[in-house]
Each structure stands twice: as structure tokens, then as C-alpha cells.
Amino acid sequence: MRYWRISLVNPPLDEGTEKCIDMGHWLPLNLMSLSSYLVQNNYKGQIQILDQQVAGEQEMIRSLREFKPDLVGISPNMNSYHKTLEIAGMMKNAGADIVLGGAYATRLASNILKNREFIDYVIAHDGEKSLLGLAEGTGLEEIKNLVFRKAGIIIENGTEHHHAASHGEIDYSLFIDLEKYFENYRKSLNPGQYKKPVTLMTHRGCVWREKSGGCVFCSRIEPFARFDPAHEIWARLGALKEEHGIDSFIDVGDDFTGDVAWFKRLHSFRPSELKDIGIRFMYSRVNNLSLENIGILKDLNTTEICLGFESGDPRILRNSRKGHHPEQQIQTARNLSSKGINIIAAFMVGLPGESRESLDSTLKQASRILEFSNVSELIISMTTPLPGSRSFEMLMERDEGFRRKYEDADVLDIPEIQGEWIGKFCETDYGAVLEYADRMRNLSPKAFVEF
Ligand code: B12
Ligand code: SF4
């Protein structure tokens, strides 16, 4: 064995970044999936999970020091990379080795190892099998998805994806206190009719991305979509109901209705004793939400769907490779409304070709959408080209200075990237984009800006 004591960390947010309004009750499925896989595959060491949603920064640091890990695994995102570096540096000094994983680290793996001596490895893409290999002492060159240094040279071992979303079953009783998440859920902004939802993974990846290359701003790390078998999902839910008294689930996959055949199978496989289980929340796309499929969602007791509408302007939607038209947004909102399913309507500003006119269409579209009483939140985001997205590539291709700055960088200056993008790919300026984001926020107390 190479490592006997592993701490797995979802780090606190960086100073100055805004807390996402939904935070608090989403289970750390990334870390749970890793730890469950290790345990199920006879890893004999100790594991600890630390999640910022239920542990303050000081508490997290104290727990880390007390646990004395020999390997610390951290999962940064664009809003927690600075804290990741702080924790990594501190724990390296305390004698641990450091591995990063997740969306941010996957895209910037070699840059991270180039720039940060105190980080030993990055595991890109699926982490389960690779972390087990790393912990157990498999030769570094043999571990797929591992990026590491050898005599100062960065080695990328090549990528391997599991065929299904889940790598075995996630154990919800291990290393986390579910009650803390249920409690946060009860205190959350809009808990609705369910009391005990668990976060669940039924699929990973997006069918639209697989087929079309995806939305221009999408930086998801999944090259293809994979769905767990319907009977396994119901068995999983049955066990969670029995062991933890859950009444619903929150699905983290990118598009629940992306594979309609799978979606229908899931519905038809539902055992009668689980007819009361609800779907508290899911992500979906406008395209497959036909009346028939909305009827199925209703029968599955779905209460809320997050939909990326993005823009009210057909030209901008085309430029963004979104694959739908503003009229479909209205039709879908109407159909969901008729079935009493809530919508979280997500819009973006600063999309490719954005002008004052298109921003105006988006503002109007957002207020039309808000007329439907079932819109529970309106989220407005600024387009942020992240590594791995077509938009990031476009910036790299267009702007020599940008390319020089970012081709080896591991730290992203988000406001600067947003500004560069607007300057190069929008037909209006940063001020106008911010102004419209603000005007959209002022449409309703249910509207929030999340940059
Ligand atoms: C659920 C979710 C959330 C939840 C919280 C999740 C959590 N427990 O912390 C909520 C809603 C709170 C949330 C908030 C935010 N999120 Co979020 N979120 C997701 C979502 C939809 C699913 C993640 C998930 O659970 N997947 C299932 C697990 C099993 O897969 P996974 O995370 O990929 O993990 C696997 C591998 O990546 C790897 N791995 C992951 N971590 C690690 C760590 C180690 C050490 C190793 C070895 C491997 C490893 O192994 C895992 C098993 O195979 C993803 C989108 C997506 N489809 O991935 C976005 C995503 C991760 N979020 C993202 C962002 C930006 C945010 C916010 C910053 C948004 C905002 N502006 O506020 C906040 C920040 C929250 C925070 N404190 O850090 C981005 C990250 C992009 C980036 N490059 O940084 C994503 C990818 C969406 C996007 N925009 O593309 N999020
Ligand atoms: S942004 Fe969402 S809908 Fe678009 S390609 Fe990515 S995951 Fe799919």
C-alpha cells in the first residue's frame, strides 16, 4: 500500500466569490463515489470526507490536522482553487502527498503540476479506479487518468472512462452525516413538499454534447453520456428509502431526458412500492420536454426542473449552439406549468454576438417566463469561457496575448476572462452586459445573479 490515511476534501469558497444560493444540502457525491469504491474494493486504510457545506474552514483545518493523512485529495472548482492551494500547501508541509481531481483539475492538470511543486498528482476524469490504484501502490505509469511528475517531466497516462455512470454503488452511510444535509435542506430557500431528498447520480454526461459538440460555453469533462440501468436506480432508491427514510432525490446528471428511451425505461421499471418517491430537482433540456415526457415526469412526482434557456434571441441561441428556439422555451414553460412542475430558468448574458438588442430580447423573454407562476427561480450568469469549452478555445485562437497568458496557467482570473471574451466576441461592452444582468435581477425577488 502506498497510502494508509486519505482525506478527501471539497474546499471552502475563495474570498470574494459568492455563495451559490442552493448550497448546503447537496451531498459530496464526488468524494462519496471515490470513498465507496475504495471500500468496496478492499482498501484497508482509513478515509475521511470533509465538505465545506457542512464544515467551516477552521473546523476543516482542525480535522485535517487531527486525522494526519498521508494523502489529501482535493476537488477544486473555479471558485475554490485559491483555498485549494492554501490547504494543499499546508498539508504538504505537514507531510502529506496531494492529489487533485474534478472538473477544474481535469482541464488544467498539466498546468497545475507545472506551476505547483507541492501538488503531486492530478487524477483527470473518472477518479474511482485511479485513486484506488494510487492508494494501493500500483505503478504510477500503469494508472489510467493519472497525471504526475517523473524526473521533473509531466506524464499524462491517458484517459479511461467506465461504461456506466456509477462505479459500483455509493454508500450513503459512510464518512458523511446525512442528517446535517437534511437539516440544511429544511432550512433552504425553497424546500417544497419533500423533507428528505438525497443527491443521486443516475447518469453522467450530456447527450447533446456528445452528438453536437455541445453549447459553446460548456466545459463539462464527460465526452459521452452514460446512464445507469433503470433497475439499478430503483434498487438504489429502495435501499435509501429503507435505510435513510428518503422521500425524493436530486439528480446531478446533465440532462435527465437526454436519452428518451432510457427515461421511459426508468419510468416503466418503477416498482409499485416506490411510487411515492419524488424527483425533487433535475437538470434537463427544452428539446425533449414534449407533453408526453412532461406527463411521465409528473407521474414520477417531479417538482422542479432546471432549464438552460440562456437567451431570448434566436441568433444568439444559434451562435451558442444551444439547439432550441425562444418560442420552445415559452411552450415548455407553459406545458410544465400546466402540470404544476416548477422551473428554475437559467439565462446567460455575454453570449457570442451579444448586442444591446439581443440583451433586450433576453430581458423581455425573462419577464415573459416569470409570468408563469411555476417559475421558482431565475438565474442569470455571465458567460465565462472555462478551459475545455469551445468559447475558451475561441479566445485562445483569436487573442495571442490571451493564449500566452493562459496556455500554461493554472489560476483563472474570471472577471478578466469574461471581459476579454466580451471584448472579442460580443457586439456590445462589459458595462451593457452588467447593466442587463442587473435589470434582469430587478425583475423579481426570485431572480439571482450567479457569475
Ligand atoms: C452538484 C453540483 C454542484 C452542487 C454542489 C456539489 C458538491 N457536493 O460540492 C452545488 C449546486 C452546490 C454546486 C455549486 C457550485 N458549482 Co457545481 N456542479 C455540480 C454538478 C451539477 C454535479 C457534480 C457531481 O456531483 N457529479 C457527480 C460526481 C460523482 O462526479 P464528479 O463531480 O465529476 O466527480 C468525479 C470526477 O470528476 C473525479 N473527482 C472529482 N473530485 C475529485 C477529487 C479527487 C481528489 C479525485 C482523485 C477525483 C475527483 O472523481 C469523481 C468520481 O468519478 C457539476 C456538473 C457536472 N455534471 O459535473 C457542477 C460543477 C462541478 N459546478 C461548477 C461550478 C462552477 C459551481 C459553482 C462555482 C457555481 C457558482 N457560480 O456558484 C458552485 C461552487 C460550489 C462550491 N462550494 O465549491 C462547475 C465547475 C467548473 C470548473 N471548471 O470549475 C461544474 C462542472 C458545472 C459547470 N459549470 O460546468 N455545484
Ligand atoms: S451546457 Fe448543458 S446542455 Fe449544453 S452541452 Fe453542456 S451539459 Fe449539455
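None of the values given here were measured: they were computed from a predicted structure.

**Some remarks on the environment of threonine 362**
Phase 1 of the analysis: One can find threonine 362 in helix α14 (residues 356–370).
Phase 2 of the analysis: Under the C-beta neighbour-count criterion, threonine 362 is labelled buried, with 28 such atoms within 10 Å.
Phase 3 of the analysis: Those residues within four positions of threonine 362 in sequence are excluded, and the remaining contacts are Ser311, Gly312, Asp313, Phe347 and Val349.

**Focus on the environment of threonine 257**
Phase 1 of the analysis: Tracing the backbone through its elements, the reader meets threonine 257 in the loop between β11 (248–251) and α10 (260–268).
Phase 2 of the analysis: Threonine 257 sits in the buried class, given 23 other C-beta atoms within 10 Å.
Phase 3 of the analysis: Taking the C-alpha atoms as reference, threonine 257 lies 7.3 Å from arginine 285; in sequence the two are 28 residues apart.
Phase 4 of the analysis: Contact partners of threonine 257, with chain neighbours within four places excluded, come to Phe263, Ser284, Asn288, Leu289 and Asn293.

**Side note on the pairing of strand β7 (residues 153–156)**
Phase 1 of the analysis: Here 4 bridges tie strand β6 (residues 146–150) to β7, and the two strands are oriented antiparallel to one another. Paired with arginine 149 across the two strands is isoleucine 154, which belongs to β7.
Phase 2 of the analysis: With antiparallel pairing between neighbouring strands as the criterion, β6 and β7 make up a hairpin whose turn holds 2 residues, including alanine 151 at a positive phi of roughly 50°.

**Here's the deal with the site of ligand 1**
Phase 1 of the analysis: Taken together, 37 residues are adjacent to ligand 1, and Gly73, Ser75, Gly101, Gly102 and Gly127 come closest.
Phase 2 of the analysis: Counting only elements with at least two residues in the shell around ligand 1, the list comes to α1 (29–40), β3 (71–74), β4 (97–101), α4 (103–107) and α6 (128–136).
Phase 3 of the analysis: In terms of residues, the shell around ligand 1 owes the most to one element, α1, which gives 4 residues.
Phase 4 of the analysis: Taken together, the residues that form the shell around ligand 1 break down as 18 nonpolar, 13 polar and 6 charged.
Phase 5 of the analysis: Three or more residues apiece are contributed to the shell around ligand 1 by two domains, here domain 1 (5–156) and domain 2 (190–449).

**A word on helix α13 (residues 326–338)**
Phase 1 of the analysis: Here α13 is 13 residues long and its end C-alpha atoms lie 19 Å apart, about the 18 Å a rise of 1.5 Å per residue gives.
Phase 2 of the analysis: Residues of α13 that are buried: Pro326, Gln329, Thr332, Ala333 and Leu336. End-on view of α13: buried residues confined to an arc of 115°, all on one side of the axis. Facing away from the buried side of α13 by over 90 degrees, the exposed positions are Glu327 and Arg334.

**Some remarks on unusual backbone geometry**
Phase 1 of the analysis: Located in the positive-phi region is histidine 125, a residue other than glycine, with phi close to 60°.
Phase 2 of the analysis: Tracing the chain through its elements places histidine 125 in the loop between β5 (121–123) and α6.
Phase 3 of the analysis: The exposure class of histidine 125 is partly exposed, given the 19 C-beta atoms found within 10 Å.
Phase 4 of the analysis: A positive phi angle, near 50°, is found at alanine 151, a position not held by glycine.
Phase 5 of the analysis: Turning to its location among the elements, alanine 151 is positioned in the loop between β6 and β7.
Phase 6 of the analysis: Looking at alanine 151, the number of C-beta atoms within 10 Å reads 5, which means it is exposed.

**Digging into the sheet that holds β5**
Phase 1 of the analysis: Ordered in space as β2-β1-β3-β4-β5-β6-β7, the 7 strands form an open sheet in which the pairing is mixed. Of all the strands in the sheet, the pair left with one neighbour each is β2 (46–51) and β7. Ignoring strand direction, the axes of neighbouring strands in this sheet form an average angle of 20°.
Phase 2 of the analysis: Of the strand pairs in this sheet, β4 and β5 are connected by 3 bridges, and their pairing is parallel. Pairing of glycine 101 across the sheet is with isoleucine 123, part of β5.
Phase 3 of the analysis: α1 rests against β1 (5–10) and β2 of the sheet, and its axis sits at about 170° to β2.

**What to know about the nonpolar core**
Phase 1 of the analysis: Judged by nonpolar contacts, the single largest core of 114 residues is most densely connected at Val122 and Ala345.
Phase 2 of the analysis: The dominant element in this core, judged by the number of residues it contributes, is strand β14 (residues 342–349), at 6 residues.
Phase 3 of the analysis: The two domains that each donate at least three residues to this core are domain 1 (5–156) and domain 2 (190–449).
Phase 4 of the analysis: Once residues within four sequence positions are removed from consideration, valine 122 is found in contact with Val99, Leu100, Gly101, Ala105, Ala109, Ile112, Leu113 and Val147.

**Quick word on the site of ligand 2**
Phase 1 of the analysis: By nearness alone, every residue bordering ligand 2 is listed as Cys206, Trp208, Arg209, Gly214, Cys215, Cys218, Arg220, Asp254, Asp255, Arg285 and Gly308.
Phase 2 of the analysis: Per-class residue counts for the shell around ligand 2 are 4 nonpolar, 2 polar and 5 charged.

**Some remarks on the sheet that holds strand β16 (residues 447–449)**
Phase 1 of the analysis: As summarised here, the arrangement of the 7 strands in space is β8-β11-β12-β13-β14-β15-β16, forming an open sheet in which the pairing is parallel. Among the strands making up the open sheet, the edge pair consists of β8 (197–200) and β16. Strand-to-strand twist in this sheet, taken as the mean axis angle between neighbours without regard to direction, amounts to 20°.
Phase 2 of the analysis: By the bridge criterion, 6 bridges tie strand β13 (residues 304–310) to β14 in an arrangement that is parallel. The residue of β14 that forms the bridge with glycine 308 is alanine 346.

**Thoughts on the domain arrangement of the protein chain**
Phase 1 of the analysis: The assigned domain composition of the protein chain is domain 1 (5–156) and domain 2 (190–449).
Phase 2 of the analysis: Computed over C-alpha atoms only, the centres of domain 1 and domain 2 are separated by 27 Å.
Phase 3 of the analysis: Taken together, the elements giving at least two residues each to the side of domain 1 that touches domain 2 come down to α4 and α5 (109–115).
Phase 4 of the analysis: Ranked by residue count, the leading element in the side of domain 1 that touches domain 2 is α5, at 4 residues.
Phase 5 of the analysis: Of the residues contributing to the side of domain 1 that touches domain 2, the split by class is 9 nonpolar, 4 polar and 3 charged.

**As for the packing of α1 against α6**
The description of two packed helices rests on the angle between their axes and on the distance between the axes.
Phase 1 of the analysis: Between α1 and α6, the shortest axis-to-axis distance is 9 Å and the interhelical angle comes to 55°. In this view, α1 runs oblique relative to α6, as classed from their interaxial angle. Between α1 and α6 the crossing geometry is right-handed. Counting all contacts with α1, which are made through Ser33, Leu34, Tyr37 and Leu38, the residues of α6 involved are Glu128, Leu131, Leu132 and Ala135.
Phase 2 of the analysis: Grouping the amino acids of the contact of α1 with α6 by side-chain chemistry returns 6 nonpolar, 1 polar and 1 charged.

Thresholds applied
Residues numbered from 1 in each chain as written. Chains lettered and ligands numbered in written order. Predicted model: local features only at pLDDT ≥ 70, side-chain atom pairs only at ≥ 80, totals over all residues. Helix = DSSP H or I, 4+ residues; strand = E, 2+ residues; numbered from the N terminus. Buried ≥ 20, exposed ≤ 12 C-beta atoms within 10 Å, placed from the backbone. Contact = placed C-beta atoms within 7 Å. Pairing = 2+ DSSP bridges. Near = placed C-beta within 6 Å. Nonpolar A, V, L, I, M, F, W, Y, C, P; charged D, E, K, R; others polar. Domains from an automatic or database assignment. Expected span 1.5 Å × (residues − 1). Arc of directions from axis to C-beta. Axes fitted to C-alpha atoms, helices over the stretch in contact; angles between N-to-C directions. Core = buried A, V, L, I, M, F, W, Y, C linked by C-beta atoms within 7 Å. Parallel < 35°, antiparallel > 145°, perpendicular 65-115°, else oblique. Left-handed = near helix turned anticlockwise from the far one by under 90°.

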